[in-house]
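What the coordinates show
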Amino acid sequence: MSSQQQPAPQEKQPPQYFKGVVKLVLSGDSVIIRGQPKGGPPPERQLNLSGINAPRLGRRAGGSAEETKDEPFAWDAREYLRKKLVGKEVVFTIEYKVPSSGREYGFLYLGKDASSGENVIEALVSEGLVTVRQEGIRGSTELARLAELESAAKAASKGKWASSGLQEHVRDIKWVVENPRQLVDKFKGKPVQAVVEHVRDGSTVRAFLLPDFYHITLMVSGIRCPGFKLDSEGKPDPAATEPLAEEAKFFSETRLLQRDVQIVLESVNNNNFVGSVIHPNGNIAELLLRDGFARCVDWSIALVTGGAEKLRAAEKAAKEKKMRIWKDYVSSAPQLSAKEKQFNGKVVEIVNADAIMVKLHDGTIRKIFLASIRPPRLEEKAEEKGEKKKGFRPLYDIPWLYEAREFLRKKLIDKRVDVTVDYVQPASANYPEKTCCTVLIGGVNVAEALVSKGYATVIRYRQDDDQRSSRYDELLAAEMKASKTSKGVHDKKEAPTHRVADLSGDLAKSKQFLPFLQRAGRSEAVVEFVASGSRLRLYIPRETCLITFLLAGINCPRGTRPNLNGAPGVQDGEPFGDAALQFTKEHCLQREVEIEVESMDKGGNFIGWLWLDNHNYSLKLVEEGLASVHFTAERSAHYRAMQIAEENAKAKKFRIWANYVEKEVKAVPEEDAGAERKTNYQAIVITEVTPELRFYAQKVDQGQALEQLMNQLRQELNTNPPLAGAYVPKKGDVCAAKFSDGEWYRARVEKVAGNQVHLLYIDYGNREVSTAVKCVSIPAAYAGPAAFAHEYSLACVALPSDPEDIQEAVTAFGEDTNGRQLLLNVEYKGGNGDCATLLTNETDAAQRKDIARELIADGLLCVETRREKRLVKLVNDYIAAQDSAKKRHLNIWRYGDITEDDANEFGVGKRKI
């Protein structure tokens, strides 16, 4: 062998040094080094450290490979290098390259040059974190140095050379989280220390949560970066990569990869966690948006810890600078002046729970829509099935729409609001242009309040669509809370129903409801529509009905209206008709009012009085010169006040009285004295006489109907006995009451005092003081028919002044009428109702006697003179009977004439009869 020829020694070449930045530490003896970026992500190079072996890190199961555990101190070695090198400049040499695998081995120095930089291999050996390979380094000098350092580490029991506790340096990794939601709830939105292990794309990372080593995939909440589409093998497909995906990934890698960060777990999506990554310089989402590498996404932005305002602001700044993904961005926001974009006004009407009418300072009325929300609507399945029945009324028939409208009505009507225009939706198909706004009242976002109650949902948009509310993220957060608590439209179990009876134009139904509305006295109502100054459409909550209501006691000019039967054009209104309509709209529309129904016209429209804020609205229209007093007001308690108001308006020549000229009063010719009195006698039976000589009468031809009604009522209550005490009587109610004879009758509650209930039995006219336990709620079928007993007083008569004389007259009247069938004719309406004459009911008309005349002739009643010419003959007949009683000094005339002609010295004061 000694004779064998040896190769000639070669001169040792000086090492070639490379520079770079450590991107990633794969293990305790392997790193990824990248170059400097030039127009895109830089090239990368893997370097394995020469002459050493680091403990192997555990791997998760994949394919056919089983899960492996860490070797002791494998994580410690990796972490030592990570904290020392990641993101730092290094210098390295390549000692050799394995031809079969292409792996490169070499030396690594921390710093800008090898002479002054720290030898990383020596540092690892010194800490006892790696093992020196005897064959790993060419050259005895380096090997001797490493062997010396390893001996020192062993002697000091450093790192893996420790004599005990090696298993404490093995991680317990949770590669799979069985219940992601439970883990989110566990941390309760608190920041968790973490190390990012992999950046899949700019907005998706894999990380270890410390110190428990949960391995998670995290989607950064609120944003999305351009991504990579995967091929059939599950690897990124370069041909399908979105523009700027590589750049966005590099941006996140340089700031997050293997860095110490904090992660806030906020939600779960398809078993992937959604949350925020907090870099030492701030939320990575905000940084990506600011540099134009990401866009906001609506589905997760509401989850962002700390709110979405900063993210939206960062995205807006990038859009304005047209950075990266926004290079072709063109704003779709309306180009409005500051005055047009922001204004305030008074709300005068709510339209379908997503639009309002606002009156501006200049008096114009503007319709605006609440931006980015959708009011309740029928489910798609219901629409497909054609469940829009005949007479479909969206406000009452669509679940939650009435509640939404009422919420806005009570909150906004007649209130001032601040409006910010967010976008203008152009006209399309049959839909006009919409001005969509954010509306604030007292600093509260109306749309957000509506959504939080579950009365509206938030519209979803394309990511590149800027046509949305300026407070869109707040709307999303409010909707999420409402959905979690199953409020409003999110409650799929209990949708409200509103069975509303529409009486407008339905004469039969209106007649059925009229007695209830008349008996109810003052009732609360909501004005749903104004057709003219004095014609309104009202919703009465107590009766759950819609009615057309005409204001009593006034004439109001008619406004402009469409032609009948859908003919083109309009009918011109009367002067000031449109002004009256607008005045009533502004003051009454969708306001809560009180009404008192008096009567009904032949079209089924109810007539009565309306109070707004406790002021008579008929009187208000007269005061404003928008209506005149109608003669029907004469019999009301408001007549005098309305007369004065009309006279004042005339004097001021206000509106309809602008051209008023007072007419000369001409003498009205007296009515023909021979005018005939009209008679229409009906057979009646008197059932009750009051101490004031008023009486209740039943019509004979209705006797059978009354008997049938009573039998049915008693049978119903005996078959289905009511629960004692379940009914609480209220003044004005019609109920069923048990009379002292033990039978049930219909009664009206006139007064409630403690446990005592004052009742009027409406079919007989008698009264009784009973107790609440004897009163029950009357079935609806028996409450509808009108009362069978009607109240009357005798026409053209007056009671004497002495109480004893009055009692004697009442007694005599009762004796003359008790148990007899009589004939009744209504002569006129008095202050307390109908005034009538009564005749006995003999077959021969010549033998019939006038009950009142007989009582006057007996000196029990006085004559009340009337001015109507048609009553002259009747009054003269009564006066003749009275004169006869005076001459004979009968009863009240026994001491002489008690009328005003008597002298005061006889102790009788003057009085008018």
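Remember, predicted model here, so these are calculated numbers, not experimental data.

Description of the environment of Val 21
With respect to the secondary-structure elements, Val 21 resides in strand β1 (residues 17-27). On a C-alpha basis, the gap between Val 21 and Asp 362 in space is 67 Å, while along the polypeptide they are 341 residues apart. Not counting chain neighbours up to four residues away, the residues in contact with Val 21 comprise Ile 32, Ile 33, Arg 34, Gln 36, Gly 87, Lys 88 and Glu 89.

Considerations on helix α19 (residues 703-719)
With 17 residues, α19 should reach 24 Å at 1.5 Å per residue; the first-to-last C-alpha distance of 24 Å fits that figure. Taken together, the buried positions of α19 are occupied by Leu 706, Leu 709, Met 710, Leu 713, Arg 714 and Leu 717. All buried residues of α19 fall inside an arc of 125° around its axis, so they share one side. Exposed positions of α19 whose direction lies more than 90 degrees from the buried face are Gln 704, Glu 707, Gln 715, Asn 718 and Thr 719. On the buried face of α19, the contacting elements are β37 (694-699), β38 (734-738), β39 (744-753), β42 (775-777) and α20 (780-783).

Topic: the confidence of the model for the protein
The predicted coordinates of low-pLDDT regions are not to be read in fine detail. Summarising the model, the protein shows a mean pLDDT of 86, and 93% of its residues fall at 70 or more. Predicted confidence for residues 1-10 stays below pLDDT 50, and this span has 0 contacts to residues more than four positions away or in other chains. Here residues 900-913 scores under 50 on pLDDT; set against residues more than four positions off or in separate chains, the count is 18 contacts.

Overview of the pairing of β1
Sheet analysis places β1 next to strand β5 (residues 89-97), joined by 5 bridges and oriented antiparallel. Considered in β5, the bridge of Lys 19 is made with Val 91. Looking at chain direction, β1 and strand β2 (residues 30-34) are connected through 5 bridges and run antiparallel. Residue pairing for β2: Leu 24 is matched across the bridge by Ile 32. Joining the antiparallel neighbours β1 and β2 is a turn of 2 residues.

Some details on the pattern of salt bridges
For the structure shown, the criterion picks out 42 salt bridges. One salt bridge connects Glu 79 with Arg 78, and the closest N-O pair in it is separated by 3.0 Å. The same class applies to Glu 79 and to Arg 78, which are both buried. Between Glu 624 and Arg 655 there is a salt bridge, with the nearest N and O atoms lying 3.1 Å from each other.

Re the environment of Leu 401
Residue position: Leu 401 is located in helix α12 (residues 401-412). The class for Leu 401 is buried, based on a relative accessible area of 4%. For the pair Leu 401 and Val 526, spaced 125 residues apart in the sequence, the C-alpha separation amounts to 16 Å.

Regarding unusual backbone geometry
For the bond from Leu 210 to Pro 211, the omega torsion is 5°, close enough to zero to count as cis. Residue position: Pro 211 is located in the loop between β10 (204-209) and β11 (214-220). Positive phi values are uncommon outside glycine, yet Ser 157 reaches one of about 55°. Assignment of secondary structure puts Ser 157 in the loop between α3 (140-155) and α4 (180-187). Positive phi is not limited to glycine here, since Asn 352 has a value of about 50°. Here Asn 352 lies in the loop between β17 (342-351) and β18 (355-359).

Observations concerning the sheet that holds strand β43 (residues 789-794)
Around the barrel, which closes on itself, the 5 strands sit in the order β36-β37-β43-β46-β45 with mixed pairing between neighbours. Each adjacent strand pair in this sheet contributes to an overall mean axis angle of 55°, direction not counted. Examined bridge by bridge, β37 and β43 share 5 bridges and lie antiparallel to one another. Residue pairing for β43: Phe 695 is matched across the bridge by Tyr 792. Across the sheet, helix α21 (residues 803-817) is in contact with β36 (682-689), β37, β43, β45 (821-830) and β46 (833-840); its angle to β36 comes to roughly 135°.

Remarks on the nonpolar core
Leu 209, Ile 263, Leu 265, Leu 412 and Leu 450 are the most contacted members of the largest nonpolar core, which has 95 residues in total. The residues that make up this core include at least three from each of domain 2 (180-326) and domain 3 (338-377 + 395-490). Dropping the residues within four chain positions of it, Leu 450 is found in contact with Ala 353, Leu 370, Ile 373, Ala 404, Phe 407, Leu 408, Tyr 455 and Ala 456. With 42 residues, the next largest nonpolar core counts Leu 538, Ile 540, Cys 588 and Val 593 among its residues.

What about the side chain of Asp 70?
With respect to the secondary-structure elements, Asp 70 resides in the loop between β4 (52-53) and α1 (74-85). Residue Asp 70 is classed as buried on the basis of its relative accessible area of 7%. Looking at Asp 70, its side chain comes within polar contact range of the main-chain nitrogen of Gly 58, at 2.4 Å. Separated by 2.5 Å, the side chains of Asp 70 and Arg 171 make a polar contact. Excluding residues that lie within four positions of it along the chain, Asp 70 makes contacts with Arg 56, Leu 57, Gly 58, Trp 75, Val 170, Arg 171 and Ile 173.

Brief notes about helix α8 (residues 309-321)
Its 13 residues give α8 an end-to-end C-alpha distance of 18 Å, which sits within 8% of 18 Å, the value for a rise of 1.5 Å per residue. Among the residues making up α8, those that are buried are Leu 311, Ala 314, Glu 315, Ala 318 and Lys 319. All buried residues of α8 lie within an arc of 140° about the axis, which places them on one face of the element. In α8, the exposed residues that point more than 90 degrees away from the buried face are Glu 309, Lys 310, Lys 316, Glu 320 and Lys 321. On the buried face of α8, the contacting elements are α6 (284-290), β16 (295-296) and α7 (298-301). Positive phi shows up at Lys 322, right after α8, with a value of about 55°.

Considering the sheet that holds β38
Remark on secondary structure: sheet strands pair via backbone hydrogen bonds, oriented parallel or antiparallel. The 5 strands lie next to each other as β41-β40-β39-β38-β42, forming an open sheet whose pairing is antiparallel. Strands with a single pairing partner mark the edges of an open sheet, and in this sheet they are β41 (767-771) and β42. Within the sheet, the average angular offset between the axes of one strand and its neighbour, ignoring direction, is 50°. Where strand β40 (residues 756-760) and β41 come together, 5 bridges link them in antiparallel fashion. The residue bridging Gln 756 from the neighbouring strand is Thr 771, located in β41.

What counts and what doesn't
Residues numbered from 1 in each chain as written. Predicted model: local features only at pLDDT ≥ 70, side-chain atom pairs only at ≥ 80, totals over all residues. Heavy atoms only, no water. Helix = DSSP H or I, 4+ residues; strand = E, 2+ residues; numbered from the N terminus. Contact = heavy atoms within 4.5 Å. Expected span 1.5 Å × (residues − 1). Buried < 20%, exposed > 50% of the residue type's maximum accessible area, 1.4 Å probe, protein only. Arc of directions from axis to C-beta. pLDDT = per-residue confidence, 0-100. Pairing = 2+ DSSP bridges. Salt bridge = Lys/Arg side-chain N within 4 Å of Asp/Glu carboxyl O. Axes fitted to C-alpha atoms, helices over the stretch in contact; angles between N-to-C directions. Core = buried A, V, L, I, M, F, W, Y, C linked by side-chain atoms within 4.5 Å. Domains from an automatic or database assignment. Polar contact = N/O pair within 3.5 Å; in protein donor to acceptor, adjacent residues only side chain to side chain.

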